[in-house]
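Fold and contact review
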Amino acid sequence: MSQLEQQMRHRDKEMVPRILVQGMFALMLASLGIVAYAQWAQVPNRGVLVEAPVVQSLDIVMTGDRNGIYQVMGTDGTLLASSADHKAGFIGVIGRVVDRKRLVYGLSSEQPLQVVRRENGNIAIIDETTAMSVELIGYGADNVAAFARLLD
């Protein structure tokens, strides 16, 4: 065995120190233990979204084209918004999500959605045909405002 081969073998053994691997497994076991204890002791969940009552609602229909431009129309056919509007691109994102979900379930994309404002001020999109609810928190102010404008 040449000196270079010995150096390579020695180097490969030291790439990940043994203490680091043991620490990773210890962290994994500690996390598992904490979660198991919390479930066993029935510790209430934290950071879980509580759906507040709906105070305002609007039924909409979202239709998209091959270019990804989605239009939001009221149930009476009036154009309310478009994803091509200034700072409204998130409408297209949600439109694609809804279309994909309905495609998986084999449903028509012409069914109405609900845009709701909850008592706590959160905006949500509810699709009763697929039982999907998208709470618009953590998506950014402009993205939430694109749907909040529909209710205003």
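Attention here is on the structure that accompanies the text. (Residues numbered from 1 in each chain as written. Predicted model: local features only at pLDDT ≥ 70, side-chain atom pairs only at ≥ 80, totals over all residues. Heavy atoms only, no water.)

What follows is about the side chain of asparagine 122. Within the secondary structure, asparagine 122 is located in the loop between β4 (113-118) and β5 (123-127). Residue classification places asparagine 122 among the buried residues on the basis of a relative accessible area of 18%. Beyond its immediate chain neighbours, meaning those up to four positions away, asparagine 122 contacts Leu49, Val116, Arg117, Glu135 and Ile137. (Helix = DSSP H or I, 4+ residues; strand = E, 2+ residues; numbered from the N terminus. Buried < 20%, exposed > 50% of the residue type's maximum accessible area, 1.4 Å probe, protein only. Contact = heavy atoms within 4.5 Å.)

Inspection of every chain in the model, using the stated rule, returns 5 salt bridges. The partner of aspartate 142 in a salt bridge is lysine 87, and the shortest N-O contact between them spans 3.8 Å. Of the two residues, aspartate 142 is situated in helix α4 (residues 141-151) and lysine 87 in the loop between β3 (79-82) and α3 (89-105); the sequence distance between them amounts to 55 residues. By relative accessible area, which is 41% here, aspartate 142 ends up partly exposed. What makes lysine 87 partly exposed here is its relative accessible area of 48%. A salt bridge links arginine 117 to aspartate 152; the shortest N-O distance between them is 3.2 Å. On the criterion of sequence distance, the pair formed by arginine 117 in strand β4 and aspartate 152 in the segment after α4 is long-range, its members being 35 residues apart. (Salt bridge = Lys/Arg side-chain N within 4 Å of Asp/Glu carboxyl O.)

With that settled, the discussion passes to unusual backbone geometry. A positive phi angle, close to 60 degrees, is found at lysine 87, a residue other than glycine. A positive phi is found at alanine 131, a non-glycine position, where the angle reads about 60 degrees. Summarising the element assignment, alanine 131 is placed in the loop between β5 and β6 (132-135). What makes alanine 131 exposed here is its relative accessible area of 72%.

Another aspect to go through is α3. Under the 1.5 Å per step criterion, the end-to-end length of α3 is 25 Å for 17 residues, consistent within 8% with the ideal 24 Å. All buried positions along α3 are accounted for by Phe90, Ile91, Gly92, Ile94, Gly95, Val98 and Arg102. Looking one or two residues beyond α3, the residue adopting positive phi is glycine 106, at roughly 70 degrees. (Expected span 1.5 Å × (residues − 1).)

What follows concerns the sheet that holds β5. What the 6 strands build is an open sheet, ordered β3-β2-β1-β4-β5-β6; its pairing is antiparallel. Since the sheet does not close on itself, it has two edges, and those belong to β3 and β6, each with one partner. When the angles between neighbouring strand axes are averaged without regard to direction, this sheet yields 30 degrees. Its contacts with the sheet put α3 on β1 (54-64), β2 (70-74), β3, β4, β5 and β6, and the angle it makes with β2 is roughly 85 degrees. Here α4 sits on the sheet in contact with β1, β2, β3, β4 and β5, set at roughly 95 degrees to β4. (Pairing = 2+ DSSP bridges. Axes fitted to C-alpha atoms, helices over the stretch in contact; angles between N-to-C directions.)

This part covers the environment of glycine 92. Following the sequence through the fold, glycine 92 ends up in helix α3. Put simply, glycine 92 and tyrosine 70 are 22 residues apart on the chain and 5.2 Å apart in space, counted from C-alpha to C-alpha. When sequence neighbours within four positions are dropped, the list of residues in contact with glycine 92 reads Gly68, Tyr70 and Ser83.

It is worth spelling out the nonpolar core at this point. By size, the foremost hydrophobic cluster in this structure holds 23 residues, and its most contacted members are Ile91, Ile94, Val115, Ile123, Leu136 and Phe147. For this core, the secondary structure elements donating two or more residues are β1, β2, α3, β4, β5, β6 and α4. In terms of residue count, the dominant contributor to this core is α4 (6 residues). Those residues in contact with leucine 136 that sit more than four places away from it in its chain are Phe90, Ile94, Ile123, Ala124, Ile125, Val144 and Phe147. (Core = buried A, V, L, I, M, F, W, Y, C linked by side-chain atoms within 4.5 Å.)

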